[in-house]
Amino acid sequence: MFNFFKKSRFSVNFFSPKKSDILIYDQRNSNFIIDYILFDKKFTIYQKNPEIIYFGLKIILSFIKNIFHFKKIIHFKSFFSKIIFYYRVNIILYMNPKIVITYIDNLDSYNMLSRYFINNKNISFIAMQCGARLTSRLNPEKIFFHDHFICYGKNEIDLYNKWGHKVENFHPAGSLKCSIVLKNIEPKKVEQKFDICLVSIWRSMMYKESPDFKDNISDLWYSFDKMNEHIKRYIEEYDLRLCIAMNSKMGQSYKPVGVISEEEYFFNIFGDNNNIEMVDYNHKNLSSYFKMIQSDLVISTASTLIIEALALQKKVIYIDYTNNDLHHSVYSDVITHKDNNYKKFKERINNLRNESSIEFHNNNKEYFSYLMNSGVPSYEYVRNLIEKLIS
């Protein structure tokens, strides 16, 4: 196997892929699907980034056989993108799986394949929600197509129907990652080490002075900066313990020349404070989720983890100082704070800290269930769905 180019998105393999009843589309987050859903089942992973292009004899013959029978479903921007799409279609036809599952629900190539096979009753496509969908990402210019959509709650059903997305079967089954955390730990028995957990949304390549910085996200970074300034002032005023759940690993985050790293960014704001702990992002160990459990209050802006923290029975506050809904999902004032004023910020945080987690959730039980279903564990729900679909 080798790459077309040094930095290519594709690699070549001169064999044919292994056939199985279950195909995991895209290896990202597949460890959670494998370990908690498919642990005793045979499966094949369709690798992306880089995407493996199979040139085995069986694949070539299959493509020749199917080339005149491919359906035309969209207009392609280039001949190459058309060939790649029908190559993916051919891979699925060759493998003939009963289930195609992904944890990247907003992946364009997956949605196109789900749309292509929507009338094929022999194959079921299952997409698991991997993040809250921003208002700007749900516009009708980009339609999602899902056969089975494992979403956080009924909120997604209303949003997707409102914006005209095509979903055959909604399954509001909550967060897979939260269900995994709750399988391994009981939050009520965890010692509260921190008063506040700040969930970072840092992206070095998108921050100010970065080559990829765009004016249309300047309000998002403004909101992020102001939130952190307010948090710094607040924890110093009340001498509180702060955990920063970082979005990268210290010393390992990619950053363009001239752009500071995530740890440098937070050090410039909070300084050398013994009450602050910066925690490396560890995807496989779900480090951010465990730090949220160890904290009394979770705070962030434009982060999915604020909604997922509800499944962990945490108190949350979602900061939005942008004055628009472009980079945010629309949530009730129950969990959002939009008044860009420190006095108002302090008042809101004080009220939350004076309220117990039990009171916070009991007072908003119906709305929180609407945002994040916490019934049957998500991994168990999806496993049962797969059993049903392949039987």
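None of these values were measured; they are calculated from a predicted model. (Residues numbered from 1 in each chain as written. Predicted model: local features only at pLDDT ≥ 70, side-chain atom pairs only at ≥ 80, totals over all residues. Heavy atoms only, no water.)

A look at the packing of aromatic side chains
Ring pairs (aromatic) are described by centroid distance and by the angle formed between their planes.
Right, on to step 1. Using the criterion set out here, one finds 33 aromatic pairs in the structure.
Right, on to step 2. With a centroid separation of 5.4 Å and 40° between ring planes, the pair formed by Phe 76 and Phe 85 is classed as tilted. Accessibility classification places Phe 76 together with Phe 85 in one group, the buried group.
Right, on to step 3. Sitting over the face of the ring of Tyr 94, Lys 19 holds its NZ or CZ atom 4.5 Å from the ring centroid.
Right, on to step 4. Across from the ring centre of Tyr 116, 4.7 Å away, lies the NZ or CZ of Lys 71, which sits over that ring. (Phe/Tyr/Trp six-rings, centres within 6.5 Å; stacked < 30°, edge-to-face > 60°. Buried < 20%, exposed > 50% of the residue type's maximum accessible area, 1.4 Å probe, protein only. Lys NZ or Arg CZ within 6 Å of the ring centre and 35° of its normal.)

So, the nonpolar core
Right, on to step 1. Residues Ile 101, Phe 270 and Ile 299 are the most contacted members of the largest nonpolar core, which totals 81 residues.
Right, on to step 2. Of all the elements, helix 7 (residues 218-238) adds the most residues to this core, at seven residues.
Right, on to step 3. Excluding anything up to four places from it in sequence, Ile 299 contacts Ile 196, Cys 197, Leu 198, Val 199, Met 227, Ile 231, Ile 306, Ile 317, Ile 319, Phe 345 and Ile 349.
Right, on to step 4. Ile 84, Ile 104, Ala 127 and Cys 151 belong to the second-largest nonpolar core, a separate cluster that totals 38 residues. (Core = buried A, V, L, I, M, F, W, Y, C linked by side-chain atoms within 4.5 Å. Helix = DSSP H or I, 4+ residues; strand = E, 2+ residues; numbered from the N terminus. Contact = heavy atoms within 4.5 Å.)

Points about the sheet that holds strand 4 (residues 44-46)
Right, on to step 1. Taken in spatial order, the six strands make up an open sheet running 4-3-6-7-8-9, and their pairing is parallel. Lying at the two open borders of the sheet, with one neighbouring strand each, are strand 4 and strand 9 (166-172). When strand polarity is set aside, the average angle formed by the axes of neighbouring strands in this sheet is 25°.
Right, on to step 2. The pairing of strand 3 (residues 22-25) with strand 4 spans three bridges and is classified as parallel. (Pairing = 2+ DSSP bridges. Axes fitted to C-alpha atoms, helices over the stretch in contact; angles between N-to-C directions.)

Observations regarding the pattern of salt bridges
Right, on to step 1. Counted under the stated rule, the structure contains 14 salt bridges.
Right, on to step 2. Residue Glu 51 is joined to Lys 48 by a salt bridge in which the shortest nitrogen-to-oxygen separation is 3.3 Å. Of the two residues examined, Glu 51 and Lys 48, each falls in the buried class.
Right, on to step 3. As a salt-bridge pair, Arg 133 and Asp 105 come within 2.7 Å of each other at their nearest N and O atoms. Of this pair, Arg 133 sits in the loop between strand 7 (124-128) and strand 8 (145-151) while Asp 105 sits in the loop between strand 6 (99-102) and helix 4 (108-116); the two residues are 28 residues apart in sequence, bridging distant segments of the chain. One exposure class covers both Arg 133 and Asp 105, and it is buried.
Right, on to step 4. Through salt bridges with shared partners, one network takes in Asp 40, Lys 41, Arg 383 and Glu 387. (Salt bridge = Lys/Arg side-chain N within 4 Å of Asp/Glu carboxyl O.)

The values are spatial; any link to function lies outside them.
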